[in-house]
Every structure is written in structure tokens, then in C-alpha cells.
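Geometric and topological summary
Here is what each chain is made of, one letter per residue.
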Amino acid sequence: MNIEFLIVGTAKESEDDFHNLYQKMKVSVYTLCLSITKNKKLARDLAAETFRRVKRDAYKFDTELNGEYWILDIAGRLSQNALLEKSFQRQIERQYIDNVSVIMSDLINTAKNDRASIVLMRLLTSLRKSDIAKLLNYYQASCRAEYNRAIKQLRLKNSQYNKKEIIKIL
């Protein structure tokens with residue numbers, strides 16, 4: 001069925017039409033929200049809000065418009081507005097903390113030799129690599145190499161980040 005007819009049916013409070021409209025549009029609405037916000041949880045919430053608004057405002061739909069565009073316009077505007085809200089910024093900061101914990105647990109659980117110790121000491125103390133090398137009975141060059149190998153190992157495990165991003169997150 002045509003999306004415009006499904007919107008009109010939704011305006012007439014037909015649950016079947018709304019269900020069919022949802023089934024036709026759910027993937028494209030979610031994909032648009034995700035492409036704008038780059039946050040899966042928020043994209044799901046925004047897609048749900050989009051369909052809530054479509055159901056609420058279906059009676060306002062001008063039948064001469066493209067129905068798909070009308071729905072995606074609602075989703076796009078909601079997503080863009082979400083990027084401006086302070087609560088979204090806090091959610092991004094919380095996600096950043098979650099990334100740190102994931103990367104740190106990967107490091108601790110999978111690092112060979114003293115790599116985890118070297119990286120953790122470097123991050124959690126003000127010691128230089130040369131001081132850490134002395135504490136762990138390493139040559140300075142070996143300590144530096146183990147640190148770089150640990151970062152490289154984390155980068156392979158978390159391929160969405162480059163070396164600078166991993167160091168920044170840590």
C-alpha cells in the first residue's frame with residue numbers, strides 16, 4: 001500500500017494502517033536517526049518518538065506531499081534537535097566513560113608480559129616511561145616498545161579508534 005494512504009488511515013485511527021506504516025518505514029527512520037546522532041540507543045528512542053508524532057499528527061498530513069519525506073523530515077528534525085540538547089551531551093560523556101572501561105578491561109585481560117602494568121602506571125601516575133622501566137626492571141627502550149605494543153594491541157581489538165584516539169580515551 002502507498003505510504004500516503006497509510007498515513008491517512010492512521011489519521012482515521014486504523015491500527016492496521018499504522019502497523020503497516022511502521023513496518024514499511026521503521027528501518028529508514030532508524031537509519032536516518034542513527035546517521036545523524038551516531039548513537040544507537042538515542043536513534044532507537046528518536047525513531048519511536050517519530051512514530052509517536054506521526055500517529056499524533058497524521059490528521060495534519062497534506063495528501064499532496066510525499067509521505068515518506070514527511071516522516072523522514074520529522075525524524076531528521078528530532079535527531080538534529082537532540083544533538084543540541086544538554087542531556088544528549090551528558091549521554092555522550094557517559095558513553096565516553098563506557099569506552100574507557102571497555103578499553104581498560106581489554107588491556108588488563110589480554111595484555112602480555114607487563115604491558116598492562118606499563119600502560120596503567122603511565123596513565124595513573126605522573127611517572128615517565130624511564131621511571132616505569134626502572135621500577136619494572138626493563139630497559140627504557142623495551143618499556144617504550146611494550147607500551148607501544150599495548151596501544152597497538154588495543155587498536156586491533158578496538159578497530160574503530162586510531163592510536164591517538166585510544167591514547168586520548170585512556
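Notes on the structure in this doc start here.

Rules and cut-offs
Residues numbered from 1 in each chain as written. Predicted model: local features only at pLDDT ≥ 70, side-chain atom pairs only at ≥ 80, totals over all residues. Heavy atoms only, no water. Helix = DSSP H or I, 4+ residues; strand = E, 2+ residues; numbered from the N terminus. Buried < 20%, exposed > 50% of the residue type's maximum accessible area, 1.4 Å probe, protein only. Contact = heavy atoms within 4.5 Å. Areas by Shrake-Rupley, 256 points an atom, 1.4 Å probe, with all protein chains shown as cover. Phe/Tyr/Trp six-rings, centres within 6.5 Å; stacked < 30°, edge-to-face > 60°. Lys NZ or Arg CZ within 6 Å of the ring centre and 35° of its normal.

Quick notes on the overall build of the chain
Helix and strand counts for the chain stand at 9 helices and 0 strands. Start at the N end of the chain and walk to the C end: the helices and strands fall as α-α-α-α-α-α-α-α-α. Per-residue burial for the chain yields a buried fraction of 34% across its 170 residues. At a minimum sequence separation of 6, the contacts of the chain that also span at least 24 residues come to 55%. Total accessible area computed for the chain in this model is approximately 11,100 Å², and 51% of it derives from carbon and sulfur atoms.

Here we look at the packing of aromatic side chains
Using the criterion set out here, one finds 2 aromatic pairs in the structure. Where tyrosine 22 meets phenylalanine 51, the ring centres are 4.9 Å apart and the plane angle is 70°; that geometry is what we call edge-to-face. Placement of tyrosine 22 in helix α2 (residues 15–37) and of phenylalanine 51 in helix α3 (residues 40–57) is noted, with a sequence separation of 29 residues between them. Over the face of the ring belonging to phenylalanine 18 we find lysine 55, whose NZ or CZ atom lies 5.0 Å from the ring centre.

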